[in-house]
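Listed here are the chains, written in short residue letters.
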Amino acid sequence: MLGQLAILAGSFIAIVLLALLCRVLGLGRVATIESLAAAGAAVRRHQLSFTPAMGDGQTAGVLARDGKAALVFGADGRLGLVVALGDRLVARVLPRPPAVETATDGLTLRLDDITLPRVHLALTAADAAALTDRLGALP
Amino acid sequence: MPDLPDPVTLAIPAFVGLIVLEMLLVRATGRGAYEPRDTFTSLALGFGSTVSGLIFGGAVLALGVWLYRFRLFDIGWSWWAWGLCFVLDDFAYYWFHRTAHRVRWFWASHVIHHSSQHYNLSTALRQTWTGPISLAFVFRLPLFLAGFPPAMILFCGGLNLIYQFWIHTEMVDRLPRWFEAVMNTPSHHRVHHATNPRYLDANYAGVFIVWDRLFGSFVPERADEPCRYGIVRNLGTFNPFVAAFHEWIGIARDLAHARSWRERWGCVAGPPGWSPDGSRDTTEIIRARWQALGEPAE
Ligand SMILES: [Zn+2]
Ligand SMILES: [Zn+2]
């Protein structure tokens, strides 16, 4: 029993040290979403049935100012979402428009998804208001 | 009956040393990838899996020992019994693992192992917390009934797990052809962890890839299509508790909304992604969509 506890304690210390070493070595660059086109491509990679809508020849949607998240409008009316998580991206096609809350520097989207419950979109006040209106007008 | 050590516990220092070595190699070569929080989550899940094993392992072993009383043969401890036990245990692992990807009840436990978008040695330690709850051990029970000594079966299972550690790496490209033909390798297992439509639900092997070749689940890695690791709906958080329990919560929610016994059965025993109205994606739906587009490489 004592031996097992010692192994568990040693393992836990090793876990913390390994994660620290990973950080000290500078591994894991932070991902940013370069453009709405890149966001649209990420959603489509996630789900091939999603085709980004094109407005004026450009992917239609909103890219957060910090490049950490993007909302992409689909050609069929669905919404695609991309979020940076560490050095990778996470994408979703939303079954319905998300609940939106105003935050200090943009909007917080609330999703019915325990694996991605909240997404912050850094936006100017004007862009945040415009997006809120647009999402509110969706069926 | 000899008192055998737990080989996995003995291997922990080697696991740690090899992870450090791989991190240094990633840093030096730019090949492969690590992310500190992802690594922490993987290792924390491995830690939790060990705790879960301490809690439930005794009961599982007791069941095996009880079944061993009704054994068909007295196989004993000869050298050939060790070899046969290792191969049959790997065969049982293949079928466990295949079921774990095709039946949501077992997937809910196994998904933990696939929940990282990274593929490195730390991913190998991203192990389930809920294996005993999902009854994953039933696949190994025939070995007890056949008459292999319980300690031998557990030892072989431990060796199998240790073998699977080193194949979780992008540092090794292809190994000699004879080795790739018989053994599970980094290349084969990268495909297993990939979500590209071409690679979904393939290469279930533990140690010997021959099971996949025999039972039609083998897919080779292609140079023109790099693996995209993770799950079909990747986690939007590094929280290890979400990784450990999210699919169980999903099953509970779907059961609460099910309107018939057919739907209840489907959301427990159907393939991952099954839904009554087809609104979610199974491997079959994803692959059909990809085939309709002419099977583009990603
Ligand atoms: Zn698997
Ligand atoms: Zn694996």
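Owing to the predicted nature of the structure, the values given are computational and were not obtained by experimental measurement.

A. Inspection of the coordination of the zinc ion (ligand 1) at higher detail. Residues and elements named next belong to chain B. On the protein side, the zinc ion (ligand 1) has His-97 (NE2), His-101 (NE2), His-110 (NE2), His-114 (NE2) and His-192 (NE2) as donor atoms, found 2.1 Å from it. One chain supplies every donor for the zinc ion (ligand 1), spaced along it as H-x3-H-x8-H-x3-H-x77-H. When its relative accessible area of 6% is taken as the criterion, His-101 is described as buried. You can call His-192 buried: its relative accessible area is 4%.

B. Local environment of the coordination of the zinc ion (ligand 2). All names here are of chain B. Every protein donor of the zinc ion (ligand 2) is listed here as His-113 (NE2), His-168 (NE2), His-189 (NE2) and His-193 (NE2), and their distances to the metal cover 2.0 to 2.1 Å. Donor residues for the zinc ion (ligand 2), ordered by position in the chain, follow H-x54-H-x20-H-x3-H. The distance between the zinc ion (ligand 2) and the zinc ion (ligand 1) is 5.8 Å. Of the two residues, His-168 is situated in the loop between helix H7 (150-166) and helix H8 (177-182) and His-189 in helix H9 (residues 186-192); the sequence distance between them amounts to 21 residues. Neither residue differs from the other here; His-168 and His-189 are each classed as buried.

C. Up close: the nonpolar core. Residues A:Leu71, A:Leu81, A:Leu116, A:Val119, A:Leu121, A:Leu123 and A:Leu131 are the most contacted members of the largest nonpolar core, which totals 25 residues. Where this core is concerned, the elements lending two or more residues are strand E4 (69-73), strand E5 (79-85), strand E6 (88-94), strand E8 (106-110), strand E9 (118-122) and helix H3 (125-136) of chain A. Those residues in contact with A:Val119 that sit more than four places away from it in its chain are A:Ala69, A:Leu81, A:Val83, A:Leu107, A:Thr108, A:Leu109 and A:Leu111. Residues B:Leu67, B:Phe144, B:Tyr163 and B:Phe179 belong to the second largest nonpolar core, which totals 23 residues.

D. Structural detail: the sheet that holds strand E3 (residues 61-63) of chain A. Residues and elements named next belong to chain A. Spatial ordering of the open sheet is given by E3-E4-E5-E6, a layout of 4 strands whose pairing is antiparallel. Both edges of this open sheet fall to E3 and E6, since each of them pairs with a single strand only. Between one strand axis and the next, the sheet turns by 15° as a mean value, whatever way the strands run. In terms of strand pairing, E4 meets E5 through 5 bridges, oriented antiparallel. The partner of Ala-69 across the bridge, within E5, is Val-83. Relative to the sheet, helix H2 (residues 36-46) contacts E3, E4, E5 and E6, its axis offset from that of E6 by approximately 70°. In this fold H3 packs onto E3, E4 and E5, with an angle of close to 40° to the strand it touches most, E4.

E. Focus on a nonpolar patch on the surface. Where nonpolar side chains cluster on the molecular surface, the patch consists of A:Phe12, A:Ile13, A:Val16, A:Leu17, A:Leu20 and B:Phe40 and spans about 530 Å² of accessible area. No other element matches helix H1 (residues 2-24) of chain A, which puts 5 residues into the nonpolar patch. Among the secondary structure elements, B:Phe40 is positioned in helix H2 (residues 36-68).

F. Geometry of the sheet that holds E9(A). Residue and element names in this part refer to chain A. Read from one edge of the open sheet, 3 strands run E7-E8-E9, paired in antiparallel fashion. Each end of this open sheet is capped by a strand with a single partner; those strands are strand E7 (99-103) and E9. Across the sheet, the mean angle from the axis of one strand to that of its neighbour is 25°, orientation sign disregarded. Its contacts with the sheet put H3 on E7, E8 and E9, and the angle it makes with E8 is roughly 30°.

G. Looking closely at the pattern of salt bridges. Throughout the structure, instances matching the rule amount to 22 salt bridges over all chains. Between A:Arg92 and A:Asp113 there is a salt bridge whose closest N-O contact spans 2.8 Å. A residue pair is termed long-range when its members are at least 10 positions apart, and A:Arg92 in strand E6 and A:Asp113 in the loop between E8 and E9 qualify at 21 residues. According to the relative accessible area criterion, A:Asp113 is buried, its value standing at 11%. Residue A:Asp113 is joined to B:Arg233 by a salt bridge in which the shortest nitrogen-to-oxygen separation is 2.8 Å. Placement of A:Asp113 in the loop between E8 and E9 and of B:Arg233 in the loop between helix H10 (210-214) and helix H11 (240-257) is noted, with the two residues assigned to different chains. According to the relative accessible area criterion, B:Arg233 is partly exposed, its value standing at 43%. By sharing partners, the salt bridges in this structure join B:Arg104, B:Glu247, B:Asp254 and B:Arg280 into a single network.

Quick notes on the rules
Residues numbered from 1 in each chain as written. Chains lettered and ligands numbered in written order. Predicted model: local features only at pLDDT ≥ 70, side-chain atom pairs only at ≥ 80, totals over all residues. Heavy atoms only, no water. Donors = N, O, S within 2.8 Å, 3.2 Å for Na, K, Ca; no water. Buried < 20%, exposed > 50% of the residue type's maximum accessible area, 1.4 Å probe, protein only. Helix = DSSP H or I, 4+ residues; strand = E, 2+ residues; numbered from the N terminus. Core = buried A, V, L, I, M, F, W, Y, C linked by side-chain atoms within 4.5 Å. Contact = heavy atoms within 4.5 Å. Pairing = 2+ DSSP bridges. Axes fitted to C-alpha atoms, helices over the stretch in contact; angles between N-to-C directions. Patch = residues over 30% accessible without salt bridge, like charges linked within 9 Å, V, L, I, M, F, W, Y side chains within 5 Å. Areas by Shrake-Rupley, 256 points an atom, 1.4 Å probe, with all protein chains shown as cover. Salt bridge = Lys/Arg side-chain N within 4 Å of Asp/Glu carboxyl O.

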